[in-house]
Amino acid sequence: MVKNKKCHSKKMAALVTAVVLAVSAAVSFAVPQVKAANGPCDTGDWAYAYINVRNGEESNLLFSSEGTNSIDGMSYDRESNTLTLNNYKSSTTVIVTNMMGDDFKINLVGDNEIRSIGSYGDAWGGSINISGNGSLVINADKSDDYGIAFFAEGTNSVLSVADTCNVTIYSGSKAVVYTSDNLTNKPIKDNGTLKENVTYNVSHPLEISRLCARYYEYDPYTTNIVYKNETDNTSLYYIKELTYIEPAKVTYTLYKLTTKKAMGDVYYADKVGEYDNIPAGYTKTTLDNPISYYESDSGSGGTSQVIINTATNEKYVSAYVYENKTSYYRICKLLEKLGVDERSNDELWLIDYDNPVATYNPVVGSDNLPDGYKYDGTEIEGLYNVECVADRLTFTAKSSSDNTTDNSKGDTTNNPSDNTTDTPADEKPSTPESSTTNTVVDVSDGSTTIKADEIRKIIEDNKVNDVVIKSNNDVTFTFAKGTMSEVSQVAIYDFSTAITSDIKEAGDMPADVTEDIFVSKIVYNYSGVLPATASIKLNVGKAYAGQTLYYSQLLDDGTIISMMSAVVDNDGYMTVEQDHCSTYLITKQQITSSSSDISLPGTSVENVTEAAGNTVETPQTGDMTHIYWAGYLLVLSLMGIGFTILMAGKLKKEQ
């Protein structure tokens, strides 16, 4: 199997407790109302069922909520929930299904051959029932790790073969059938025609422990100006003064200078708070010799998985690395606990990033940790990962007297085929779309949310590709290559928008926004910091082509924050840049009366300068460090902490 170069994502349902029948509340999946035996989930709020057929670079969406398609030798009937293979022979074809229900059938007519099947249950149902009077050979050249893979996602997904057909499934390098997060530990149902004995290697999914890892890849800051508190003469404090040019504003961030054994002579500046004025009770002191320090809200790193040395039981963390166009993970020693991360509330630890004890590259189906190491975590007793081991599975029909018959109605409603790169049976794409230079994630069909685990795959892809997310209302988000990182404590990323072009329907507007300057109001359903700064392309209409329009943030209290201006292109699109989403306005004139205007990165207005005489160097870090917004004024710090990549999620490997 090879890693897919491009990731296509679709709406994943909101997270709730997944295994309502039998499992621990520790695991959650996307959960629609379960009707697994009643066909595909293609209606209502959870209409994400699909059948995707790929042959090399060619991709065909055979079925989705948008309709049904057919290809030569393959068709689908929605009424009977049956995919029919009619003398279809291609050893490179991969069939991927999602939420097709536990009554999903593959009807065999004549002799058929494919490469592999991957089925996603997605808390709805993902069983495969093979029937008919024909035959099917799967993975004959053993090119995939598994012949059939069930990614049950909290469902009871099984393989069942009727006694009327002949089916042979060859094992790949790992197993003949594989399942993860399944409610059953026996994913093969034998109807009396299976020839081989199967060994079931059963384990439980692991809820891996996590903490926030921190390291510094640049020289510490220096200062000889510190503060003392009148009630605490033994401690030293540092106050960072930030001056905003437009609007004129100064903020003061107070840090307590503490000593850490692992940092030696360098102080750890632990953030106390941010204020509009220097807090009362602090007196400035000039030291004879400058001191060095690292700030608690800077540095590199992020949420990391905890790894245990099996010999010593000592805990380490995995740290993501991207260098020389190559990515891998370092297993790093925990040096000292620094406190609690203010975003994730995870323990914050200083790690020995420069001296790893080992390195590794995770792959799907095997975490591939070096010998002597394992992940720290708790097994989820109610769910099962199972490798079904046999050289092959041979299901032999009890009777071959019947002629092959196509019992499918074969709805052939045409639906345009979407192309994508070869995606494995264990990689879960949405409606596929091709791109030669970018990773394209198309969620424009109304299924506009992406779960955190899917974002991790996209972040991994972002290391080598720009990522373009197509949303509803003809809005696209483009994240430049190598900029994306996971946002802490965000489980669902909703990229949908609500756009109003009639001021009468836009709700209450500030007095400065009049009908003659109003263009549109954009409400982003995602609220907060994005995974990176995005170039957002908005369709304002060809009537504005060549005109300069103004883009502003509208706060809940009616305050307008001027963001930027842009010239509308000939096709009627305006492109803006931002790393935060909420509610925004597009107007024909710049709104200048608001006293709350503040500029964002990428605009022509100078943003922030640092006072107090400190020299701020831009570090070259190995992970991305988010810039925090202070309240709704969105205070941006240009302390020079370089942007880098947070730990990316593992890419699924191709079946």
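Keep in mind that this is a model prediction, so the values were computed, not measured. Within any chain, residue numbers begin from 1 and follow the written order of that chain's sequence. In keeping with the predicted nature of the model, local features appear solely for residues at pLDDT of at least 70, side-chain atom pairs appear and are counted solely at 80 or more, and the whole-chain, interface and lining totals rest on all residues. Hydrogens and water are ignored here; the side-chain numbers use all heavy atoms of the structure.

1. Some remarks on the overall build of the chain
Part 1 of the reasoning: Counting from the N terminus, the helices are the DSSP runs of H or I reaching at least four residues and the strands are the DSSP runs of E reaching at least two. When you go through the chain residue by residue, the secondary structure sums to one helix and 46 strands.
Part 2 of the reasoning: Across the 655 residues in the chain, those meeting the buried criterion constitute 56%.
Part 3 of the reasoning: Only heavy atoms matter for contacts: two residues are in contact if any of them lie within 4.5 Å across the pair. Taking as baseline every contact in the chain between residues at least 6 positions apart, the subset at least 24 positions apart corresponds to 72%. Each residue is placed in one exposure class: buried if its accessible area under a 1.4 Å probe, protein chains only, is under 20% of its type's maximum, exposed if it is over 50%, and partly exposed if it falls in between.

2. Some details on the pattern of salt bridges
Part 1 of the reasoning: Salt bridges are defined by distance alone: a side-chain nitrogen of Lys or Arg within 4 Å of a carboxyl oxygen of Asp or Glu. Evaluation of the coordinates by the stated rule reveals 14 salt bridges.
Part 2 of the reasoning: Asp-145 is paired through a salt bridge with Lys-174; the nearest N and O atoms lie 3.6 Å apart. Linking Asp-145 in the loop between strand E13 (135-138) and strand E14 (148-155) with Lys-174 in the loop between strand E16 (166-170) and strand E17 (177-182), this pair joins segments that are 29 residues apart in sequence.
Part 3 of the reasoning: The partner of Lys-398 in a salt bridge is Asp-163, with the nearest N and O atoms 3.8 Å apart. Of this pair, Lys-398 sits in the loop between strand E35 (392-395) and strand E36 (438-442) while Asp-163 sits in the loop between strand E15 (159-161) and E16, and the two are 235 residues apart along the sequence.
Part 4 of the reasoning: Through salt bridges with shared partners, one network takes in Lys-142, Asp-391 and Arg-392.

3. Section: the side chain of Thr-497
Part 1 of the reasoning: On the secondary structure map, Thr-497 appears in strand E41 (residues 497-500).
Part 2 of the reasoning: Under the relative-accessibility criterion, Thr-497 is labelled buried at 5%.
Part 3 of the reasoning: Beyond its immediate stretch of four places on either side in the chain, Thr-497 contacts Asn-472, Asn-473, Val-475, Ile-522, Val-523, Tyr-524 and Asn-525.

4. Observations concerning the sheet that holds strand E18 (residues 188-189)
Part 1 of the reasoning: Should DSSP find at least two bridges between two strands, the strands are taken to pair. The sheet built from six strands is open, its strands ordered E6-E7-E9-E12-E15-E18 with mixed pairing. Two strands bound the open sheet, and with one partner strand each, they are strand E6 (74-77) and E18.

5. Some words on helix H1 (residues 452-462)
Part 1 of the reasoning: Of all 11 residues making up H1, nine are buried, and the element is well covered by its neighbours.
Part 2 of the reasoning: Buried within H1 are the following residues: Ala-452, Glu-454, Ile-455, Lys-457, Ile-458, Ile-459, Glu-460, Asp-461 and Asn-462.

6. A short note on the packing of aromatic side chains
Part 1 of the reasoning: Two rings from Phe, Tyr or Trp (for Trp, the six-membered ring) form a pair when their centres are within 6.5 Å of each other. A pair whose planes differ by under 30 degrees is stacked, one over 60 is edge-to-face, and the rest are tilted. Within the structure shown, the criterion is met by 22 aromatic pairs.
Part 2 of the reasoning: Measuring from centroid to centroid gives 4.6 Å for Phe-63 and Tyr-76, while their planes differ by 45°, and the two rings are tilted. One end of the pair, Phe-63, is in strand E4 (residues 58-64); the other, Tyr-76, is in strand E6, with 13 residues separating them in the sequence.
Part 3 of the reasoning: Under the relative-accessibility criterion, Phe-63 is labelled buried at 2%.
Part 4 of the reasoning: Overall, the relative accessible area of 0% leaves Tyr-76 in the buried class.
Part 5 of the reasoning: Pairing Tyr-146 with Tyr-178 gives two aromatic rings, centres 4.8 Å apart and planes at 20°, and the pair type is stacked. In this pair, Tyr-146 sits in the loop between E13 and E14 while Tyr-178 sits in strand E17, placing the two residues 32 residues apart along the sequence.

7. Remarks on the nonpolar core
Part 1 of the reasoning: Residues enter a nonpolar core if they are buried and are Ala, Val, Leu, Ile, Met, Phe, Trp, Tyr or Cys, with the set joined through side-chain atoms within 4.5 Å. Formed by 43 residues in total, the largest nonpolar core has its most connected members in Ile-130 and Leu-393.
Part 2 of the reasoning: With three residues, strand E34 (residues 384-389) is the largest single contributor of residues to this core.
Part 3 of the reasoning: What Ile-130 contacts, discounting residues up to four positions off in sequence, is Ile-106, Leu-108, Leu-136, Leu-159, Ser-160, Val-161, Ala-162, Cys-165 and Val-167.
Part 4 of the reasoning: Ranked by size, the runner-up nonpolar core spans 38 residues in total, among them Ile-458, Met-563, Val-568 and Tyr-584.

8. Here we look at unusual backbone geometry
Part 1 of the reasoning: With phi around 55°, Met-99 is a residue other than glycine that occupies positive phi space.
Part 2 of the reasoning: Mapping Met-99 onto the fold places it in the loop between strand E8 (93-98) and strand E9 (105-109).

9. Focus on the sheet that holds E16
Part 1 of the reasoning: On the basis of which strands lie adjacent, the open sheet formed by four strands has the order E10-E13-E16-E35 and mixed pairing. Lying at the two open borders of the sheet, with one neighbouring strand each, are strand E10 (111-114) and E35. Sheet twist, expressed as the average angle between the axes of neighbouring strands with direction ignored, equals 5°.
Part 2 of the reasoning: Both E13 and E16 contribute to a ladder of four bridges, which runs parallel. Comment: axis = line fitted to C-alpha atoms, over the contacting stretch for helices; angle = value between 0 and 180 degrees taken between N-to-C directions.

10. Structural notes on a negative patch on the surface
Part 1 of the reasoning: Together, Asp-502, Glu-505, Glu-515 and Asp-516 make up a region of like negative charge exposed at the surface.
Part 2 of the reasoning: On the secondary structure map, Asp-516 appears in the loop between E41 and strand E42 (518-539). Residues qualify for a patch when their relative accessible area is over 30% and they have no salt bridge, like charges being joined within 9 Å and the nonpolar side chains of Val, Leu, Ile, Met, Phe, Trp and Tyr within 5 Å. Throughout, the Shrake-Rupley method with a 1.4 Å probe supplies accessible areas, and for residues the shown protein chains are the sole cover considered. Think of it this way: Lys and Arg go in the positive column, Asp and Glu in the negative one, and His and the chain ends go nowhere. The atom standing in for a charge is NZ when the residue is Lys, CZ when it is Arg, CG when it is Asp and CD when it is Glu.

11. So, the environment of Leu-334
Part 1 of the reasoning: The topology assignment puts Leu-334 in strand E29 (residues 326-340).
Part 2 of the reasoning: Apart from the residues within four sequence positions on either side, Leu-334 is in contact with Leu-211, Lys-315, Tyr-316, Val-317, Trp-349, Leu-350 and Ile-351.

12. Some words on the confidence of the model for the chain
Part 1 of the reasoning: Of the residues in the chain, 77% reach a pLDDT of 70 or more, and the chain-wide mean stands at 79.
Part 2 of the reasoning: Below a pLDDT of 50 lies the segment residues 400-436, which in the model reaches 147 contacts outside its immediate sequence neighbourhood of four places, other chains included.
Part 3 of the reasoning: How sure the predictor is of each residue is captured by pLDDT, a score from 0 to 100. In this model residues 593-655 is a low-confidence stretch, pLDDT under 50, and it forms 231 contacts with partners more than four residues away in sequence or in other chains.

13. Brief notes about the pairing of E4
Part 1 of the reasoning: With respect to burial, E4 is a largely interior element, six of its seven residues being buried.
Part 2 of the reasoning: The sheet contact formed by strand E3 (residues 50-55) and E4 spans six bridges and is antiparallel. From the neighbouring strand, Tyr-50 faces E4, where its bridge partner is Ser-64.
Part 3 of the reasoning: Where E3 folds back onto E4 in an antiparallel hairpin, the turn is made up of two residues, including Gly-56, whose phi is positive at roughly 65°.
Part 4 of the reasoning: Bridging between E4 and strand E5 (residues 67-68) involves two bridges; their strand directions are antiparallel. Looking across to E5, one finds that Ser-64 is bridged to Gly-67.
Part 5 of the reasoning: With antiparallel pairing between neighbouring strands as the criterion, E4 and E5 make up a hairpin whose turn holds two residues.

14. Brief notes about the pairing of strand E28 (residues 315-323)
Put simply, side chains in a regular strand alternate between the two faces of the sheet.
Part 1 of the reasoning: Pairing analysis gives three bridges linking strand E27 (residues 300-309) to E28, with the strands arranged antiparallel. In the strand pairing of E28, Ile-308 is matched with Lys-315.
Part 2 of the reasoning: What sits between the antiparallel neighbours E27 and E28 is a turn of five residues, in which Asn-313 has the positive phi angle 65°.
Part 3 of the reasoning: For E28 and E29, the ladder comprises eight bridges, and the chain directions are antiparallel. Pairing of Glu-323 across the sheet is with Thr-326, part of E29.
Part 4 of the reasoning: The turn joining E28 and E29, which pair antiparallel and follow one another in sequence, is formed by two residues; a positive phi near 55° is taken by Asn-324.

15. Some points on the environment of Leu-393
Part 1 of the reasoning: Along the polypeptide, Leu-393 turns up in strand E35.
Part 2 of the reasoning: Counting along the chain gives 198 residues from Leu-393 to Lys-195, while the straight-line C-alpha distance between them is 7.0 Å.
Part 3 of the reasoning: Beyond its immediate sequence surroundings of up to four residues, Leu-393 is in contact with Val-167, Thr-168, Ile-169, Val-176, Val-177, Ile-188, Leu-194, Glu-196 and Val-198.

16. Focus on the environment of Val-568
Part 1 of the reasoning: For Val-568, the location among the structural elements is in the loop between strand E44 (560-567) and strand E45 (573-587).
Part 2 of the reasoning: It is 9.4 Å that separates the C-alpha atoms of Val-568 and Leu-538, two residues lying 30 residues apart in sequence.
Part 3 of the reasoning: Once you skip the residues sitting within four places of it in the chain, Val-568 turns out to touch Val-540, Gly-541, Tyr-544, Ala-545, Gly-546, Gln-547, Leu-549, Tyr-573 and Met-574.

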